[in-house]
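# Coordinate analysis (summary)
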Amino acid sequence: MGDSGGAWHLSCTVNGEPVEAEVDPRITLLTFLREHLLLTGTKGACLEGECGSCTVIVDGRPINSCLMLAGQAQGCSIQTIEGIGDDKKLHALQKHFIATGAAQCGYCTPGLIMAAKAMLDANPSPTEQEFTTAIEANICRCTGYESIRQAIRDAYREIHG
Amino acid sequence: MSGRAFGTQTPAAPPREKEHVLPTEAPITPSPFAEKVRGPVGRSCDKIDGVERVTGTKLYGADLIAREADLHAKVVRSEHAHAEVVSIDTKEALRVDGVLAVLTAEDVKGTNRHGLIRRDHPVLAKDRVRYRGDAVAIVVAKTEQAAAAGRDAVKVEYRVLPTVESIEQAMAPGAPHLQPGGNVMGGRRIRKGDADSALADSHVVVSETFRTQTVDHAFLDVEAGVARWDGELLTIRVSGQWVHEEARLVALALGLPVERVRIIQPAAGGAFGGREDISIQIYVGLAALRFAGKTVALRYDRAESMRARHKRHPMRIEYAMGADREGRLTAAKVAIYSDEGAYASTGIAVCRKMSSHATGPYRVPHVRVDVFGVHTNNNPTGAMRGFGATQIAIAYEGMMDRLAAKLGVDRVEFRRANLIRPGDAVTTGQVVPSPTAVECLEAVLRQYGSKSMPSEPLPTHLRRGWGVSVICFGMGYGDGFPDASRARVRIGADGCVEVYSGIVDVGQGAENVIAQVAAEEMGVGLEHTRVITADTHMTPESGSCSATRSTFFAGNAVRLAAGELKEKLLDAAGELLCVHPNELEFRGEEIRGRFDEGLCCSLGELVAAARKRGYELEAEALFKPRTICEDFETGQSPRAFITYMFGAHVSQVLVDVETGEVRVERHVACHDVGRAINPEAVRGQITGGVVQGIGMALMEEVVYRGGRILNPGFTDYILPTVRDVPPVECVVLESNDPLGPYGAKGVGEPPLIGAVPAVLSAIYDATGKAPATLPCNPERVWGMLTGS
Amino acid sequence: MFYQPTDMAEALRLRAELGPEVVTVCGGTDVVVAMNHGVARPEAFLDLSRVAGRDSVERVNGIYLLGGGVTFAQMAKLPVRALAEAARSVGGPQIRNVGTIAGNLGTASPAGDGSVALLALDAEVELSHVERGSRWVRLEEFFLDYKRTALQPDELITRVRFPSDFESVWYKIGKRGAVNISIVCCAIGRSPAGAYRIALGSVGPVPMRAMEAEAVLNGDSTDAAHRAVAYLADEVIERAAEAAELEAAPIDDQRSSARYREAMCRVLVRRLLRELRDG
């Protein structure tokens, strides 16, 4: 708890690393990630919770970072696209998004991967409906979704053998 | 294979080549190339920069801002759809803490105009605003918040003029003139035979008025980028679709020599025609000129993006079509009224595309078409995937269903009987090189028929139906408009084949295509190919990424340049091996004697030797096929387009006849793409186009009132989600285009064009009522069914 | 300013002390959207996301008691059909994970799916003040006018309660299959005694009850026998549906015309009553 004018001391964990920052708690988590931490893999597109491009995982749940205030991330564990894999070791989802052609322009891709990851992390045996529900609020304007669904199914199979 | 083609270093991160995977369940029609697949062309291979795109490291315009911006700009826009600008008071804005400058038309040193065809759009409006997106000033500040506060503090005094909201108002007597020439800008026409007499003599005639809606591109990556002026060069990094033209437009508007403007394309998060018109390049460039040595940033939010950008033309299409007793089409008479919005944009070309595609892939002996582009105070309308061919396909396919019904014949048979066959001409009189409309139709029906309709009984309020469409699309600008691509191919210091092309990859994979073409032509693996694109100071001009032309044009230019480079290498090899180059040939990554197997050198050796002797290991080529401008009286041209693409779709829908809700249950799309250079990318274009088509058919619509967009965000500008589209069944029909690179044609636009009429046709089949107004959202379908 | 209390007593104290310019926020799915659009520029927030126990779901003596911070994701799992289906139809997982019932009620949008479902379930909302204590308000009295409620600026929505033994049904018409804002939505609840409650969304300034339609079904008698299921003959359903169409007071907006919405009230009431009848 506590009040403060202007800057605020924010402690949270981002991609496993502790982050301590003096920020205005009224900016969005999206702005904090992109402009303060330069984690620009998380994208903004509609800023009203309708497209899912800004999806990150907060304490295990997918949320729209454009709608969460930075102050609300106090004490939270945040995972972004940068934290799940890199060019040396891709996450299964990242690998299969490439393999199925699920990333065309790639702008929606980080949000989709994070939405899918949150579901795969939480659900050891998703149904076909649950695969779909996981990404129902993520807009992709390029691919038509099926390659995305396929990538998530393939990643699930890889992860769960 | 030695592991490297040229030189000695190994390039990093080789892209993985993939199996030639067939689409999910959908059988591929036997490809004429099936036996020839050897090199990279014809294989699905991973996106060159796929790793960057899935790890979030690819930098888009807004990402540059987060990393580099020193200053921030914001645009002051008109508060009215139509007004005179009386005065602009910047004093208050300049007092806002952090605001450094407020720029108005006075500060623009060049023509202060832009426009892809007519330069009629003011960069900063000086005396008059014609739509609510018109810019009147630019505020530059130290922070984005200060720039926004400054923007809100600029006081513009307007004298409000009457708003022209619609085509009907614009054409009414006494309507205010929005452009000097009046509200109707030069339309286009077709006069082929005698449509009036032929209709009068027809056995049946059907008439319908179609109304299509305003559509937004809704790419996710809103306009954003940075510019920097170093005193010599203005470097602008903003996503567009044609870097060289953007440089010209910026230079003209701002009064700089074009050499002093460098445009570099950052990653683009989709485009779909929405980045064709200039967007923020000039604004951010203007701001940067004022602050030498500073990186100035500008970005829109979604609402500003929708308010500022051009849209897909809404149209009123009055169509009459006749057929004889035997079910042959006799004549078409078409009047098209297209809302051009406030400025011309690419409207004239869209008007032409409407007229040149007015009867689609059908044989119609008598055609009369008049297109009227009408200015209003709505957003300018211009390029969007399909470019007029989308709207007209809704009309001609709608007519095919209606005529078949009136004749009492099967709608598929009726189409089959009237589709163009080899030797037949399309609307423009052009005899199409290789018409594959019939093949597409048969293939799509085969795939659709491979699964049976669900047989469970439906509740009384649900109706199921399926619909069909066949479409054609002329590739490239066409009609004599200059259309060319250049490319340069060289051997880089590390021995890789470097490809330089001005073409822009907007996400669809143009870079993959040209890499595959270069690798194939040079006989090297894709991992030895590097692509450098879309930088006016690094890459030769390749024309726009639009008109479904990137594969055909950029691909051909790269192929030609690579061929030139091979000749140079053979010259060098001849010298090295002391024979005439004609005695030698490429075999994989070696050069061998044609007749003497003993003559041999590896490419690596050759390159090293050629370098020593001072050979320039670089070649540039130009691909510039000619089309012929139509006769303006008749709209006829023997070669309006270089080649045509064909496609056919079947859509199956479930309609709730009480609520008007429509769900697409299946969608099958077959496209003749020529050679599929990257089959997976081709399928990606088809499935993506279909989803945009379903969006246009059922839900997407920009709603205006008094020139104001009522739904400038994704809460109310409704886009299809994963729950709105079935897995699209793609059938890729390969053919060999004689002029295309390795026989390729292209694929970008046709899938959207085919999807919309197929969905409408399915609604007709399900309900017995034929939709004529888009989108078919629940209320409209309900209205159609109840007559409300 | 950013206040982040961790218990309800503290939250209530802050709410009472701070002025109305301090905006209550929890999921942020309404408040932050307005900020992002530049429509609202709140200087200060009272963030309830850390208040312990606000997400509790209890079922006591036939009554469901939901903390104000119960999310749509939680509601989507309740065995209360109309509420669960309404909750599932809100946004996607990202919104459902953070959007709360208190936020949905407090925003009082006529299109608030959760509010419409709760109205059909005869729900009451608990409004609490640090000194004045708590008061339970029926939803009919809670929604006053377009985006205006009985909540005082110094109060918080602390809980929601409704009987757990209603049967209920739900339908929403929107323009697409997910993340779907309602053009019209309808929830119907039926008490064990056979009394019907019909709630409609997006057809008036607030989520509304179709009282005339209910009267057709319930009559003016309190006699349970009068409300036997058998009364739901097609003809009765049709009269109720017609009554709903007549009493709905929608407007034309960019989402739909009033005419369509009225017509859909009839369709949905008819359809849902048949569903209740036929099971």
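What counts and what doesn't
Residues numbered from 1 in each chain as written. Chains lettered and ligands numbered in written order. Predicted model: local features only at pLDDT ≥ 70, side-chain atom pairs only at ≥ 80, totals over all residues. Heavy atoms only, no water. Helix = DSSP H or I, 4+ residues; strand = E, 2+ residues; numbered from the N terminus. Rg over C-alpha atoms; globule rule 2.2 N^0.38 Å. Contact = heavy atoms within 4.5 Å. Areas by Shrake-Rupley, 256 points an atom, 1.4 Å probe, with all protein chains shown as cover. Lys, Arg positive; Asp, Glu negative; His and termini not counted. Charge placed at Lys NZ, Arg CZ, Asp CG, Glu CD. Pairing = 2+ DSSP bridges. Axes fitted to C-alpha atoms, helices over the stretch in contact; angles between N-to-C directions. Domains from an automatic or database assignment. Buried area = accessible area lost by both parts, 1.4 Å probe. Salt bridge = Lys/Arg side-chain N within 4 Å of Asp/Glu carboxyl O. Polar contact = N/O pair within 3.5 Å; in protein donor to acceptor, adjacent residues only side chain to side chain. Phe/Tyr/Trp six-rings, centres within 6.5 Å; stacked < 30°, edge-to-face > 60°. Lys NZ or Arg CZ within 6 Å of the ring centre and 35° of its normal. Buried < 20%, exposed > 50% of the residue type's maximum accessible area, 1.4 Å probe, protein only. Nonpolar A, V, L, I, M, F, W, Y, C, P; charged D, E, K, R; others polar. Core = buried A, V, L, I, M, F, W, Y, C linked by side-chain atoms within 4.5 Å. Expected span 1.5 Å × (residues − 1). pLDDT = per-residue confidence, 0-100.

Before going further, it helps to examine the overall build of chain B. Each helix and strand counted, chain B has 19 helices and 33 strands in total. By the compact-globule yardstick of 28 Å for 788 residues, chain B fits well, its C-alpha radius of gyration being 27 Å. Expressed along its principal axes, the backbone C-alpha trace of chain B runs to roughly 80 × 75 × 50 Å. In chain B, of all internal contacts separated by at least 6 residues, the share reaching a separation of at least 24 is 81%. Just so you have it, chain B exposes about 25900 Å², and 50% of that area is on carbon and sulfur atoms. Across chain B, the mean location of the 91 positive side-chain charges is 2 Å away from that of the 99 negative side-chain charges.

This paragraph deals with the sheet that holds strand β24 (residues 529–533) of chain B. Residues and elements named next belong to chain B. One open sheet holds the four strands; their spatial order is β24-β23-β22-β28, and the pairing between them is mixed. Unpaired on one side and paired on the other, β24 and β28 (618–623) mark the two borders of the sheet. Strand-to-strand twist in this sheet, taken as the mean axis angle between neighbours without regard to direction, amounts to 20°. Packed onto the sheet, helix α14 (residues 510–522) meets β22 (485–491), β23 (497–501) and β24 and runs at close to 135° relative to β24.

Residues and elements named next belong to chain B. Domain parsing of chain B yields domain 1 (37–58 + 484–623), domain 2 (69–161 + 224–299) and domain 3 (311–478 + 630–786). Between the C-alpha centres of domain 1 and domain 2 the distance comes to 38 Å. In this assembly, 20 residues from domain 1 lie in contact with 19 residues from domain 2. Counting each side, the surface lost to burial between domain 1 and domain 2 is near 1400 Å², with a carbon and sulfur contribution of 54%. The interface formed by domain 1 and domain 2 holds two salt bridges in total. Across the pair Arg248 and Glu541 runs a salt bridge whose closest N-O atoms are separated by 2.9 Å. If you look at where domain 1 meets domain 2, you find nine residue pairs in polar contact (both at pLDDT 80 or more).

Our next topic: the environment of Leu93 of chain A. Residues and elements named next belong to chain A. Along the polypeptide, Leu93 turns up in helix α2 (residues 92–99). Leu93 sits 66 residues away from Ile159 along the chain, and the two C-alpha atoms are 9.2 Å apart. Apart from residues no more than four positions distant in its own chain, Leu93 is found in contact with Ile113, Ala116, Lys117, Leu120, Ile152 and Ala155.

Turning our eyes to something else, we now look at the packing of aromatic side chains. Under the criterion given, the structure shown has 17 aromatic pairs over all chains. Relative to Tyr396 of chain B, the ring of Tyr362 of chain B has its centre 6.2 Å away and its plane inclined at 75°; by these criteria the two rings are edge-to-face. Here Tyr362 of chain B is found in the loop between α10 (347–356) and β19 (366–375), whereas its partner Tyr396 of chain B is found in helix α11 (residues 389–407), with 34 residues between them in sequence. Lying over the aromatic face of Phe473 of chain B, Lys353 of chain B brings its terminal NZ or CZ to 4.0 Å of the ring centre. Above the ring of Tyr171 of chain C, the side-chain terminus of Arg271 of chain C is found at 5.4 Å from the ring centroid.

Residue and element names in this part refer to chain B. With 12 of 13 residues buried, strand β30 (residues 662–674) is to be regarded as a mostly interior element. Between strand β29 (residues 644–656) and β30, which pair antiparallel in sequence order, lie five residues; one of them, Gly660, sits at a positive phi of approximately 85°. Note that β30 and strand β33 (residues 728–734) share seven bridges and pair parallel. Note that in β33 the partner of His671 across the bridge is Val732.

So, on to the interface of chain B and chain A. In this complex, chain B contributes 51 residues to the contact, which on the side of chain A involves 47 residues. Carbon and sulfur atoms make up 56% of the area that chain B and chain A hide from each other, which totals about 3900 Å². Run the count over chain B and chain A and you get five salt bridges. Ionic pairing is found between Arg299 of chain B and Glu35 of chain A, a salt bridge with its closest N-O pair at 2.9 Å. If you look at where chain B meets chain A, you find 26 residue pairs in polar contact (both at pLDDT 80 or more). Split by residue class, the side of chain B that touches chain A holds 21 nonpolar, 15 polar and 15 charged.

Turning to the nonpolar core, a few remarks are in order. By size, the foremost hydrophobic cluster in this structure holds 202 residues, and its most contacted members are Phe97 and Ile152 of chain A together with Ile317, Tyr319, Ile392 and Leu698 of chain B. The element contributing the most residues to this core is helix α15 (residues 550–577) of chain B, with 13 residues. In this structure Ile317 of chain B touches Glu208, Thr209, Phe210, Val334, Ala335, Ile336, Met354, Gln391, Ile392 and Ala395 of chain B, once residues within four positions along its chain are discounted. Counting 53 residues, the second largest nonpolar core, distinct from the first, contains Val80, Leu83, Ile101 and Ala123 of chain C.

This brings us to the interface of chain A and chain C. Of the residues lining the interface, 34 residues belong to chain A; the matching set on chain C comes to 35 residues. For the pair chain A and chain C, the summed buried area comes to about 2700 Å², and 54% of that belongs to carbon and sulfur atoms. If you look at where chain A meets chain C, you find three salt bridges. Residue Glu136 of chain A pairs with Arg96 of chain C through a salt bridge whose shortest N-O separation is 2.8 Å. Summed over the shared surface of chain A and chain C, the number is 15 residue pairs in polar contact (both at pLDDT 80 or more). For the side of chain A that touches chain C, the elements supplying multiple residues, two or more each, are β4 (61–64) and α4 (128–134) of chain A. In terms of residues, the side of chain A that touches chain C owes the most to one element, β4 of chain A, which gives four residues. Of the residues in the side of chain A that touches chain C, the class split is 15 nonpolar, 13 polar and six charged.

A word on helix α5 (residues 146–159) of chain A. Residues and elements named next belong to chain A. Taking 1.5 Å of rise per residue, 14 residues should cover 20 Å, and α5 covers 20 Å from first to last C-alpha, within 8% of that figure. Counting buried positions along α5 gives 10 out of 14 residues, so the element sits mostly inside the fold. A positive phi of about 60° marks Gly161, the residue just after α5.

Before going further, it helps to examine the confidence of the model for chain B. All names here are of chain B. For chain B, the mean per-residue pLDDT works out to 94, and 95% of the residues sit at or above 70. Confidence drops under pLDDT 50 across residues 1–28; counting only partners more than four residues distant or on other chains, this segment forms 67 contacts. The ipTM value of the predicted complex is 0.97, and its pTM value is 0.96.

Further remarks concern the pattern of salt bridges. Residues and elements named next belong to chain C. Tallied over the full model, the rule gives 107 salt bridges over all chains. Here Arg132 and Asp154 are joined by a salt bridge, their closest N and O atoms 3.0 Å apart. Taken together, the residues Arg132 in the loop between β6 (124–129) and β7 (133–138) and Asp154 in the loop between β9 (148–149) and β10 (156–163) connect sequence positions 22 residues apart. The salt bridge partner of Arg135 is Glu155, with a shortest N-O separation of 2.8 Å. You can see Arg135 sitting in strand β7 and its partner Glu155 sitting in the loop between β9 and β10, a full 20 residues away along the chain.

Glancing now at the sheet that holds strand β5 (residues 63–67) of chain C. Residues and elements named next belong to chain C. If you trace the five strands from one edge of the open sheet to the other, you get β4-β5-β10-β6-β7, paired in antiparallel fashion. The open sheet is flanked by β4 (57–60) and β7, the only strands paired with a single partner. Taking each pair of neighbouring strands and ignoring which way they run, the sheet shows an average axis angle of 25°. Sheet topology places β6 next to β10; five bridges connect them, and they run antiparallel. Bridging across to β10, Leu127 finds its partner in Ile157.

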